[in-house]
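# Chain and residue survey
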Amino acid sequence: MNTEKESAFGFLRAMVFPDRCVFCDDAIEYRSIVCKDCRRAVEPIDGKCCNTCGLPVKECDCKGKSTFYTAMTAVFRYEGVVRKGIHSWKYSDTFRNTGFYAGMIAEKVRNTYADVDFDYIAFVPQTREETDEKGFNQSEELACAVSEELCVPVGDFLVKLYETDRQHSLPLHDKRGNTFGVFDCINTENIRDKKILLIDDVRTSGSTINECAKMLRLYDSGDVYCAVIAAAVPKKGEK
Ligand SMILES: [Zn+2]
Ligand SMILES: [Zn+2]
């Protein structure tokens, strides 16, 4: 299809199914991604960040917590319209926004981990029941899209052994004990000494992604670096 016809078709399509802002879901100009209000409201994380939680050092509350991963980076803070956008992306049956989030993660990884030559991308797994229920694993979808952006293969290394209560429905002090022993590794012969980029959608308490990193390290992976769309900002009193 030539470009002129393609754009005419795209315009007609947009009249019937308008493009929508990835964050607030309002209808927006044809071929836009983020609406003007969200562009003003959403500030990607920038400047010197904490390697444990991915937040700017001034906002971090980690207090030297040790982790099995080497570093964590996040594109956004998990709040406001970002939270809304990620939630509707995860729980809807459309993947039209996966490319946007994966592109943002890839760009962040290129900048933050510029010196790291990754061997594999891994993702936080779900049980088969969870995937059957939802129809997909959003971390896997992200990992595959980031893999295309970065030209690094996805390694199928992690499995989830049983279901846990949804992390976001638990108070923070329960989240930390909720993932212990939940994950295991497969294809372990390919893990040894490999530098791995571990992808998830959101870092809340950090316990899920840390358990995954722990399993990879137990099977002698090289350094594990994490990247998420958004990191939760600690509320006062939640430490
Ligand atoms: Zn918006
Ligand atoms: Zn921190």
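Everything below is about the structure shown above.
Residues numbered from 1 in each chain as written. Chains lettered and ligands numbered in written order. Predicted model: local features only at pLDDT ≥ 70, side-chain atom pairs only at ≥ 80, totals over all residues. Heavy atoms only, no water.

### A look at a negative patch on the surface
A grouping of Glu 129, Asp 132, Glu 133 and Glu 163 is seen on the molecular surface, where their side chains present a negatively charged patch. Within the secondary structure layout, Glu 133 lies in helix H5 (residues 128-134). Classification of Glu 133 by relative accessible area gives exposed; the value is 59%. (Patch = residues over 30% accessible without salt bridge, like charges linked within 9 Å, V, L, I, M, F, W, Y side chains within 5 Å. Areas by Shrake-Rupley, 256 points an atom, 1.4 Å probe, with all protein chains shown as cover. Salt bridge = Lys/Arg side-chain N within 4 Å of Asp/Glu carboxyl O. Lys, Arg positive; Asp, Glu negative; His and termini not counted. Charge placed at Lys NZ, Arg CZ, Asp CG, Glu CD. Helix = DSSP H or I, 4+ residues; strand = E, 2+ residues; numbered from the N terminus. Buried < 20%, exposed > 50% of the residue type's maximum accessible area, 1.4 Å probe, protein only.)

### Some thoughts on the packing of helix H4 (residues 98-112) against helix H6 (residues 138-150)
How two helices pack is summed up by the angle between their axes together with the distance between the axes. H6 packs onto H4 with a crossing angle of 55 degrees between their chain directions and a minimal axis gap of 8 Å. Classified by the angle their axes make, H4 and H6 are oblique. Regarding H4 and H6, the two cross each other, and that crossing is right-handed. Each of Thr 98, Tyr 101, Ala 102, Gly 103, Ile 105, Ala 106, Val 109 and Arg 110 in H4 lies in contact with H6, whose residues at this interface are Glu 141, Leu 142, Ala 145, Val 146, Glu 149 and Leu 150. (Axes fitted to C-alpha atoms, helices over the stretch in contact; angles between N-to-C directions. Parallel < 35°, antiparallel > 145°, perpendicular 65-115°, else oblique. Left-handed = near helix turned anticlockwise from the far one by under 90°. Contact = heavy atoms within 4.5 Å.)

### A closer look at the pattern of salt bridges
Oppositely charged side chains can form a pair if their charged atoms are brought close together. The tally for this structure, following the rule as stated, stands at 10 salt bridges. The closest approach of N and O atoms between Lys 36 and Glu 29, which form a salt bridge, is 3.9 Å. Given the relative accessible area of 55%, Lys 36 is considered exposed. Counted as one network, the salt bridges with shared partners bring together Glu 107, Arg 110 and Glu 149.

### Let's talk about the coordination of the zinc ion (ligand 1)
Summarising the metal site, the zinc ion (ligand 1) is bound by the protein donors Cys 21 (SG), Cys 24 (SG), Cys 35 (SG) and Cys 38 (SG), whose distances to it range over 2.3 Å. Because the angles between the four donor atoms bound to the zinc ion (ligand 1) fall within 103 to 116 degrees, the donor set is best described as tetrahedral. Coordination of the zinc ion (ligand 1) draws on donor residues from a single chain, spaced C-x2-C-x10-C-x2-C in sequence. Taken together, the residues span a long stretch of sequence, with Cys 21 in the loop between helix H1 (3-16) and helix H2 (36-41) and Cys 35 in the loop between H1 and H2 at a distance of 14 residues. Both residues of the pair, Cys 21 and Cys 35, count as buried. (Donors = N, O, S within 2.8 Å, 3.2 Å for Na, K, Ca; no water. Tetrahedral: all angles 85-135°; square planar, octahedral: opposite > 155°, others 65-115°.)

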